[in-house]
Amino acid sequence: GPIIKDKLFFFVNVDDFEKIQPGRYGAAGTGAPEEVDNVSIAQAQQVVDIANAVYDYDAGGYSGLPSTLIDEDRLAKLDWNINDNHRATYTHQESTNNIASEYGSSRNILSLTSGGFLKTTSLEVDTVQLFSDWSDTFSTNLKVSEKGTRQRNDNVGGSEFMRATILLEGDDNGPQILLGPDPFRHANSLTTDTRNIELEFNKLVGIHEIVGGYSQK
């Protein structure tokens, strides 16, 4: 919409998306898509109760951690008609992606939901462009942008508790219950910041067009 008639305009876009799928693994009898053999609801509940009573720790549930995907996108743009020969734009974009996932379960191992993790990826971009017609035969386009990306992993059950393995039959090859965070997951993070500068020019020479430019990252 217009801020100043025929001079300055704005555009805003908001886009949210959410998708939830049921957890994959659960104790036998929970009705989960894949029930873990030889790990009963009673056994899983006993582990949860002991973790709470002895360690004051919420070990989570045993019927599967729902896989939740959340996307949030925001965009704002300003268009400025400086004069008949020059126009500038500014664009700000933010995007956040969150997904919760199970970790550690298999046909013989039940990982309680405290062992799941939340992966968050965020993106932020600021872009300025200047379009200039210097004459009927010569024009330029200058673009400067800064982009920052952040990625981190957070444990559903926090990062302060141990990763515990309960051998239900006293054997590594037998049924097991896991609780607590993956000890390495929280250390996985990535941060990237970049700046791009691009300059493009167009020159008409008779019936020919010459295009050139410069780019720096």
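Everything numeric here is computed off the predicted structure, so don't read it as measured data.

Student: Summarise the overall build of the protein chain; cite the residues concerned and give the values.
Tutor: In terms of helices and strands, the protein chain carries one helix and 13 strands. Across the protein chain, helices and strands are ordered from the amino to the carboxyl terminus as β-β-β-β-α-β-β-β-β-β-β-β-β-β. Scaling as 2.2 N^0.38, a compact globule of 217 residues should have a C-alpha radius of gyration of about 17 Å, whereas the protein chain reaches 27 Å, well beyond that. With respect to the three principal axes, the spread of C-alpha positions in the protein chain is 85 × 35 × 30 Å. Classification of the 217 residues of the protein chain by burial places 28% in the buried group. Partitioning the contacts of the protein chain with sequence separation of at least 6, the portion at a separation of at least 24 is 63%. As displayed, the protein chain offers around 13,400 Å² of accessible surface, 52% of which is attributable to carbon and sulfur atoms. Both charge centroids of the protein chain, one from 18 positive and one from 32 negative side chains, sit 8 Å from each other.

Student: Requested: an account of unusual backbone geometry, with residues and values cited.
Tutor: At Asp6, a residue that is not glycine, the phi angle is positive and equals roughly 60°. Locating Asp6 in the fold gives a position in the loop between strand S1 (2-4) and strand S2 (8-21). In the Ramachandran plot, Asn38 falls in the positive-phi region, its phi being about 65° despite a non-glycine side chain.

Student: Run through the sheet that holds S1, naming residues and quoting values.
Tutor: Pairing within the open sheet is antiparallel, and its eight strands lie in the order S1-S2-S5-S6-S8-S9-S12-S13. Two strands bound the open sheet, and with one partner strand each, they are S1 and strand S13 (208-216). Taken over all neighbouring pairs, the strand axes of this sheet differ in orientation by 15° on average, direction set aside. Strand direction decides the pairing type here: strand S5 (residues 67-81) and strand S6 (residues 86-101), joined by 13 bridges, are antiparallel.

Criteria and thresholds
- Residues numbered from 1 in each chain as written.
- Predicted model: local features only at pLDDT ≥ 70, side-chain atom pairs only at ≥ 80, totals over all residues.
- Heavy atoms only, no water.
- Helix = DSSP H or I, 4+ residues; strand = E, 2+ residues; numbered from the N terminus.
- Rg over C-alpha atoms; globule rule 2.2 N^0.38 Å.
- Buried < 20%, exposed > 50% of the residue type's maximum accessible area, 1.4 Å probe, protein only.
- Contact = heavy atoms within 4.5 Å.
- Areas by Shrake-Rupley, 256 points an atom, 1.4 Å probe, with all protein chains shown as cover.
- Lys, Arg positive; Asp, Glu negative; His and termini not counted.
- Charge placed at Lys NZ, Arg CZ, Asp CG, Glu CD.
- Pairing = 2+ DSSP bridges.
- Axes fitted to C-alpha atoms, helices over the stretch in contact; angles between N-to-C directions.

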